[in-house]
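Listed below, chain by chain, are the residues.
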Amino acid sequence: MAKPISASTMVEILRAEGLTVHEVRSWRTHHRNTKGPWGPLNGVMIHHTVTSGTAASVDICYDGYSGLPGPLCHGVIDKKGEIHLVGNGRANHAGLGDGDVLRAVVDERALPPDNEADTDGNRHFYGFECVNLGNGKDPWPEAQKEAIEKVAAAICRHHGWSERSVIGHKEWQPGKSDPRGFTMEGMRARIAGRLAGKPQKPGTGPKPPPKPAHEPFPGAAFFHVGKKSALITAMGRRLVAEGCGRYEVGPGPEWTEADHASYQAWQRKLGFTGKDADGIPGKVSWDRLKVPSVD
């Protein structure tokens, strides 16, 4: 629970975090304070704009539209990671949300499901809209995600909050999906690292496990007439190398009777008989074939 940050202080703390900040028109006195209380403040809420283009997105967040006057947030975060401040005070961004979620934010604990819309969020949250279509396909450049991290960390640091004071609109109001394209738990982890003095740099997150040298068994159902895959070609080459190739042409990427006969020869070479040598790969024989990884 905190007093709202002044306009001058907001600019100061964002720039101190290394952000490029643009002050839009009369943003310092642009608010909806006559329509309801502003404060006490409890957290930061992240949204996506469902728009494209910086200028158009900033204008709509400043002006609003029919039925929902601006400002629609406090700042817009563009694709380049630059901040456009459009409001200072109460803004039409959060709407009604779940009071249990607000209590969890205040307590800085894990969020419960948002299943009610009974609490005024515009009073309690700073709001930042991120330029993104919100369709799950529009990319989130690293510069933009880093800017979200920095904005949230700057405000949390000023108020003495942890990353648990940062939520997505989708975690506040039932039916909302924003921000779509990254997880809020992942973003909170980034914010926590920055608050701890360890900002995450691009490409320095957890490294993916190394690609295995050999392809894991894809399951017997993978192998059927008409199936096409580079994995089948790689398997066939290994069968030929083991002296089990029964191909007149190939091997190739499509599963054929020649692959079936070749694999059956491999199973018999390993000592399998009967239904265990039916020409359909099984895990034991596959692992022993050591098919090299394919891209």
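Residues numbered from 1 in each chain as written. Predicted model: local features only at pLDDT ≥ 70, side-chain atom pairs only at ≥ 80, totals over all residues. Heavy atoms only, no water.

Caption draft 1: Spotlight on the overall build of the protein. Across its full length, the protein holds 8 helices and 10 strands. A compact globule built from 295 residues would reach a C-alpha radius of gyration of about 19 Å, whereas the protein, at 28 Å, exceeds it by more than 25%. With respect to the principal axes defined by its C-alpha atoms, the protein has extents near 85 × 40 × 35 Å. Residues counted as buried form 48% of the 295 residues belonging to the protein. Of all intrachain contacts in the protein linking residues separated by at least 6 positions in sequence, the fraction that spans at least 24 positions is 68%. Total accessible area computed for the protein in this model is approximately 14200 Å², and 53% of it derives from carbon and sulfur atoms. Separation of charge centres in the protein, based on 38 positive and 34 negative side chains, amounts to 3 Å. (Helix = DSSP H or I, 4+ residues; strand = E, 2+ residues; numbered from the N terminus. Rg over C-alpha atoms; globule rule 2.2 N^0.38 Å. Buried < 20%, exposed > 50% of the residue type's maximum accessible area, 1.4 Å probe, protein only. Contact = heavy atoms within 4.5 Å. Areas by Shrake-Rupley, 256 points an atom, 1.4 Å probe, with all protein chains shown as cover. Lys, Arg positive; Asp, Glu negative; His and termini not counted. Charge placed at Lys NZ, Arg CZ, Asp CG, Glu CD.)

Caption draft 2: Representation of the nonpolar core. Of all hydrophobic cores here, the largest spans 43 residues; its most connected members are L14, I46, I83, Y126, F128 and I155. Looking at this core, the elements that each hand over two or more residues are α1 (7-16), β2 (43-48), α2 (54-63), β5 (75-77), β6 (83-85), β9 (125-130), α4 (142-159) and α5 (184-195). Excluding residues within four positions of it along the chain, L14 makes contact with L19, V21, I83, L85, V151 and A154. Ranked by size, the runner-up nonpolar core spans 18 residues in total, among them L231, W255, A265 and L270. (Core = buried A, V, L, I, M, F, W, Y, C linked by side-chain atoms within 4.5 Å.)

Caption draft 3: Summary view of the packing of aromatic side chains. The tally for this structure, following the rule as stated, stands at 8 aromatic pairs. For the pair W140 and F182, a centre-to-centre distance of 4.9 Å together with 90 degrees between the ring planes defines the contact as edge-to-face. Linking W140 in the loop between β9 and α4 with F182 in the loop between β10 (166-168) and α5, this pair joins segments that are 42 residues apart in sequence. Each of the two residues, W140 as well as F182, counts as buried. An angle of 55 degrees between the planes, with centres 5.2 Å apart, marks the rings of F223 and W255 as tilted. Taken together, the residues span a long stretch of sequence, with F223 in the loop between α5 and α6 (230-241) and W255 in the loop between α6 and α7 (257-269) at a distance of 32 residues. Each member of the pair, F223 as well as W255, is classed as buried. Here a set of aromatic residues connected by ring pairs shows up, and it is made of F217, F222, F223, W255 and W286. Above the ring of Y62, the side-chain terminus of R25 is found at 4.0 Å from the ring centroid. (Phe/Tyr/Trp six-rings, centres within 6.5 Å; stacked < 30°, edge-to-face > 60°. Lys NZ or Arg CZ within 6 Å of the ring centre and 35° of its normal.)

Caption draft 4: Looking closely at the side chain of R188. You can see R188 is positioned in helix α5. Here R188 falls in the buried class, since its relative accessible area comes to 3%. Within the structure, R188 has its side chain in polar contact with the backbone oxygen of V166 (distance 2.8 Å). Every residue in contact with R188, bar those within four places of it in the chain, is listed here: L111, E163, R164, V166, I167 and E171. (Polar contact = N/O pair within 3.5 Å; in protein donor to acceptor, adjacent residues only side chain to side chain.)

Caption draft 5: The arrangement of unusual backbone geometry in detail. For the bond from G70 to P71, the omega torsion is 5 degrees, close enough to zero to count as cis. Relative to the elements of secondary structure, P71 occurs in the loop between β4 (68-69) and β5. A cis amide bond links D178 with the next residue in sequence, P179, at an omega value of 0 degrees. The topology assignment puts P179 in the loop between β10 and α5. Despite not being glycine, K290 has its phi angle at roughly 55 degrees, a positive value.

Treat this as a map of the structure, not an account of what it does.
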